[in-house]
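A look at the structure
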Amino acid sequence: MEQKLINRLLAYLGIILCWVVFFSFFSTNRQNKCIVSNAAGYEMKLQSLYEEEQILLESNERNILGSNKIVVVDAGHGGMDSGTCSKDEKYLEKNINLKIVGYMKELLDECGIKVYYTRLTDKKMEPEERVEFINNVKADLVVSIHCNYGKNKDANGVEVLYSSNEERKQELTSKEFSDILKKEILSITHQNDRGLLAGDNIYIISRSKVPIALVEVGFMSNREELKFLLDEGNQQKIAMGLFNGIIRTLEER
Ligand SMILES: [Zn+2]
């Protein structure tokens, strides 16, 4: 009788052990599954974050190229300093320069590039003030807009003056930047290509510590080109060329 009781107790114990083993196996399995599914989910989350991050990095990189770099756009002359003018003195260079810069601003405002303008009104600025301004804002690129005048009434086209100061070891030289701007303008306006000129005798060029391009967008002394320069559509085309040149420079460098 005692043996039967012991056997029964052993049987109960066996059943309890079986349940314990079964439950512990099941719960471990569940836990494992849980971990696996969490890990997979986490990985997926990481992956999507990474992909999003990639897109963000790429777009930031584009923005960084623009937003971290500081561009100065300088409308030549202003105020009492009219610059050059048409032969009949009716049209002043300072006004054409400012109109082009205004159109450039419309384009540059759209793409979040950090741009400083030496002037957006008809105010006079001494060359020393412009250079001080460029240095104060810690510019990376400087574009100065001007119109040309020639004794030869037939002279026409775009020329860009650069700094040939070779002491400066820049990633991008003033000459390279000038060449990009010139090409971009000409690809839109199809004006005459007068090439690049070393402009070291010009104060703003000689004193600039960063790549600078002084763009002579056309000749006010040439009757045909004056008409071209006074046309708002053409001013917009020139502005677009300059804008494209700035963007290309920022993206490529
Ligand atoms: Zn000028």
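The structure contained in this document is the topic of the report that follows. (Residues numbered from 1 in each chain as written. Predicted model: local features only at pLDDT ≥ 70, side-chain atom pairs only at ≥ 80, totals over all residues. Heavy atoms only, no water.)

1. With respect to the pairing of strand E2 (residues 114-117)
Residues of E2 alternate between two faces, with Val115 and Tyr117 buried on one and Lys114 and Tyr116 left unburied on the opposite face. As defined by bridge partners, strand E1 (residues 70-75) adjoins E2 across four bridges and the pair is classed as parallel. The residue of E2 that forms the bridge with Val71 is Val115. Crossover handedness for the path E1 to helix H2 (residues 93-110) to E2: right-handed. (Buried < 20%, exposed > 50% of the residue type's maximum accessible area, 1.4 Å probe, protein only. Helix = DSSP H or I, 4+ residues; strand = E, 2+ residues; numbered from the N terminus. Pairing = 2+ DSSP bridges. Right-handed = clockwise from strand over helix to strand, strands pointing away.)

2. A look at the coordination of the zinc ion
Around the zinc ion, the protein contributes the donor atoms His77 (NE2), Glu93 (OE), Glu93 (OE) and His146 (ND1), at 2.0 to 2.8 Å from the metal centre. Classification of the site at the zinc ion rests on its four donor atoms, whose angles at the metal span 50 to 141°, yielding the label irregular. Donor residues binding the zinc ion come from one chain and are separated in sequence as H-x15-E-x52-H. Residue His77 is found in the loop between E1 and H2, and its partner His146 is found in strand E3 (residues 141-148); the two are separated by 69 residues along the sequence. Assessed through its relative accessible area of 17%, His77 is described here as buried. (Donors = N, O, S within 2.8 Å, 3.2 Å for Na, K, Ca; no water. Tetrahedral: all angles 85-135°; square planar, octahedral: opposite > 155°, others 65-115°.)

3. Brief notes about the environment of Val210
Tracing the backbone shows Val210 in the loop between helix H5 (203-207) and strand E6 (212-219). Note: C-alpha distance between Val210 and Lys138 (72 residues apart in sequence) is 9.0 Å.

4. So, helix H6 (residues 223-230)
For H6, the full list of buried residues reads Glu225, Leu226, Phe228 and Leu229. Projected onto a plane normal to the axis of H6, the buried residues spread over an arc of 160° and lie on a single side. Within H6, the exposed residues directed more than 90 degrees away from the buried face are Arg223, Glu224 and Lys227. Those residues of H6 that are buried lie in contact with H2, E3, helix H4 (174-189), E6 and helix H7 (232-252). (Arc of directions from axis to C-beta. Contact = heavy atoms within 4.5 Å.)

5. Digging into H2
Each full turn of the α-helix corresponds to 3.6 residues, which orients residues three or four apart in the same direction. Counted at 1.5 Å a residue, the expected span for H2 with its 18 residues is 26 Å, and the 27 Å between its end C-alpha atoms agrees. For H2, the set of buried residues is Glu93, Lys94, Ile96, Asn97, Leu98, Ile100, Val101, Tyr103, Met104 and Leu108. As for H2, its buried residues are in contact with E1, E2, E3, E6, H6 and H7. Looking one or two residues past H2, Gly112 carries a phi angle of roughly 65°, positive in sign. (Expected span 1.5 Å × (residues − 1).)

6. Notes on the pattern of salt bridges
Pairing between side chains of opposite charge can happen when their charged atoms approach one another. Overall, the coordinates contain twelve salt bridges when judged by the stated rule. A salt bridge links Lys124 to Glu126, with the nearest nitrogen and oxygen atoms 2.8 Å apart. Among the residues examined, Glu126 registers a relative accessible area of 37% and is labelled partly exposed. One salt bridge connects Asp179 with Lys182, and the closest N-O pair in it is separated by 3.9 Å. On the criterion of helical spacing, the pair formed by Asp179 and Lys182 is a turn pair, its members being three residues apart in helix H4. By relative accessible area, Asp179 is classed as partly exposed at 22%. Among the charged side chains, a salt-bridge network with shared partners connects Asp179, Lys182, Lys183 and Asp193. (Salt bridge = Lys/Arg side-chain N within 4 Å of Asp/Glu carboxyl O.)

Keep in mind these values describe shape, not function.
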